[in-house]
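# Observations on the three-dimensional arrangement
Here's the letter readout for the chains.
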Amino acid sequence: MNVNDGEVLGFAGLNGAGKTTTIRMAAGIIYPTSGTVLVDGKDIVKEKVQASMNIGWVPEFPNFEPNAKPLTLLKYYAGFYGIRADDAVRRGKELLDMFDLGDEVNKKLKNYSQGMKKRFSLVAALLPDPKNLLLDETLNGLDPEGIRFMRKFLADLRSKGKAILLSSHILTELENTADRVAVIHKGKLLEIIEREKLTSITSDGGKLEDYFFKLIGG
Amino acid sequence: MNTIFYDLRRTFRSRFVIVMMLIIILSAALISYALTNPGQNIPKSQRVLNVSTLFLIVNGIFSVLIPIMAIFEGYVAYGADRASGVLESVICRPVTKTGVLISRFVAGMIAIIIALAIAIAIIDATALSYYSKSLPLQDIAALFWIYIVEGAAFLGLMYLFSHILKSQTSLIGVAIAVFLVLDILWTTIVTLVAFGVFNAGSSPSKFISIETVMDFISPTGYEANMLLYLTKETTAFVRSSGLGAATLSVNPASYGVTLISLALIGIAWMVVPVLLAYMLAMKRD
């Protein structure tokens, strides 16, 4: 499975299919039992530091140092990428404003709501301006305004040539957002639905959902 | 290097670490006060510093405080973050899991070493001022060594259990159990084993043999063996005429307590638990 530069690869599957596990492997959080994950040619296990330089990971349920304040934590993260503290603060403030967290900089992260933590997770992932993004159920739980913002945001990242893996079980959203959709079921990759096929599935009033269930035999 | 600076700052911002450091320093001040024979007006020329007694007092207090600091430092700095998923927000950066583990372990050890250094400096300064005599360098080194080994061992054990247990609750449970079994109840366990399993009640030398061997398998026991080596005295339980305890002068080498065995086992206690945690971090996650 490849995620190309300048594309959003949707990652669809039922709960427990293996979407989060795959993403966590790609982010270097857990080790693959077989196979390899290459990030711009670097092995995430054997060349973890170099591979992680170009990954931004947004987990489904992000957890941060509870007593840290956002800019302190961003400065700490920035150090791993060789970003200077003042540059990290400047970029951090820009991103916090962009994700509507500009007024929350003096709050400790333990006082953030789950939605705020998710937005902060996006800020933290984008801080080093990585070439590759792993977004795990990022659209989940967003209100219509949030979803519209994310669509625009993803389109913007795509236009900048970023490679984005977006997992979701909201198939209608993947229909609208992804260039291709990979379907995973019980830990096995069943198919990568190319754009043309995706268009033909949905063009005659069909739904990705129907095709998905046919694929997994449900 | 980035991670170690941050972890150090984080360690010294932890209220728990600061409180524990202050308690250790305060207890050193109390030990120092006791050293000055309060209430007795002993002329300066007649003041004699009994290092064995000093070691026993320090042991009684530090053998409880250092493990508490190490265990909870291990829980707060690593175990809780690992169980709650906070550590993942760091591991996804350009850093290895083992890099994070080592950085946090080193930061924890630095906190313990600083607390110890201040505490020992207070005791030494008191000895110099009251007895006009500084503690012998080898005794200062021995005190440092004992509690660095003990601190590293308990800290390493917490890191190890953090890679075995998945929840914060079970980790807290194990932290308490480790503290009770390997520290608070260790002498009782040794005595029960010596009496119950090996029937060593009537023979002090048999009791000491069992005690020294068992003491090598606990960081707190290691401290007891170090004291045996330094003071050449131990307390053996005997029941020749009813149960009682007697302080006996012994040759530590005849029980296997030598400089080499102490050095090797001390290094093993400092290295093995954290090394096992390191291996689990590399292979298991």
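Residues numbered from 1 in each chain as written. Chains lettered and ligands numbered in written order. Predicted model: local features only at pLDDT ≥ 70, side-chain atom pairs only at ≥ 80, totals over all residues.

Residue and element names in this part refer to chain B. Look at helix α2 (residues 15-35) against helix α5 (residues 97-131): their axes get within 9 Å of each other, and the N-to-C directions meet at 15 degrees. Between α2 and α5, the angle falls in the class roughly parallel. Crossing geometry of α2 relative to α5 is assigned as right-handed. Residues V17, M21, I24, I25, A28, A29, I31, S32 and L35 of α2 touch α5, and the partners they reach there are A111, A115, I118, A119, I122, I123, T126, A127 and Y130. (Axes fitted to C-alpha atoms, helices over the stretch in contact; angles between N-to-C directions. Helix = DSSP H or I, 4+ residues; strand = E, 2+ residues; numbered from the N terminus. Parallel < 35°, antiparallel > 145°, perpendicular 65-115°, else oblique. Left-handed = near helix turned anticlockwise from the far one by under 90°. Contact = placed C-beta atoms within 7 Å.)

Residues and elements named next belong to chain B. Here chain B is described as being made up of domain 1 (2-184) and domain 2 (186-263). The centre of domain 1, based on its C-alpha atoms, is set 25 Å off from the matching centre of domain 2. The interface of domain 1 with domain 2 comprises 14 residues on the first partner and 12 residues on the second. Listed by contribution, the elements that provide at least two residues to the side of domain 1 that touches domain 2 are α3 (51-84), α6 (137-162) and α7 (168-184). (Domains from an automatic or database assignment.)

Let us look at the environment of B:L185. Tracing the backbone through its elements, the reader meets B:L185 in the loop between α7 and α8 (186-197). Each C-alpha atom of the pair B:L185 and B:I217 lies 14 Å from the other, and the pair is 32 residues apart in sequence.

Residues and elements named next belong to chain B. For I260, the position within the fold is in helix α11 (residues 259-283). The class of I260 is exposed, set by 7 C-beta atoms lying within 10 Å. Sequence-wise, I260 and A107 are 153 residues apart; in three dimensions their C-alpha atoms are separated by 28 Å. (Buried ≥ 20, exposed ≤ 12 C-beta atoms within 10 Å, placed from the backbone.)

Taken together, the contact between chain A and chain B spans 19 residues of the former and 14 residues of the latter. Of all the secondary-structure elements, those providing two or more residues to the side of chain A that touches chain B are α2 (48-52) and α3 (70-80) of chain A. Residue contributions to the side of chain A that touches chain B peak at 4 residues, all from α3(A).

All names here are of chain B. Here α11 is 25 residues long and its end C-alpha atoms lie 35 Å apart, about the 36 Å a rise of 1.5 Å per residue gives. Its axis deflected by about 30 degrees at V271, α11 carries its strongest bend there, up to four residues before the proline P273. Every buried residue of α11 is accounted for by L262, I265, G266, W269, M270, P273, V274, A277, Y278 and A281. Elements in contact with the buried residues of α11: α5, α6 and α10 (219-231). (Expected span 1.5 Å × (residues − 1). Bend = angle between axes of the 7 residues up to and from the residue.)

Judged by nonpolar contacts, the single largest core of 136 residues is most densely connected at A:L134, A:I164 and A:L165. Ignoring any residue separated from it by four or fewer positions in sequence, one finds A:I164 in contact with A:V3, A:V8, A:L9, A:L133, A:L135, A:L154, A:L157 and A:R158. (Core = buried A, V, L, I, M, F, W, Y, C linked by C-beta atoms within 7 Å.)

On to the pairing of strand β5 (residues 132-136) of chain A, then. Residue and element names in this part refer to chain A. The buried fraction of β5 is high, at 5 of 5 residues. Residues N132, L134 and D136 line one face of β5 and the alternating positions L133 and L135 line the opposite face, and both faces are buried. In this sheet, strand β6 (residues 163-168) lies alongside β5 in parallel orientation, the contact comprising 5 bridges. Within β6, the residue paired with L135 across the bridge is L166. Taken together, β5, helix α6 (residues 144-159) and β6 form a β-α-β motif whose crossover is right-handed. (Pairing = 2+ DSSP bridges. Right-handed = clockwise from strand over helix to strand, strands pointing away.)

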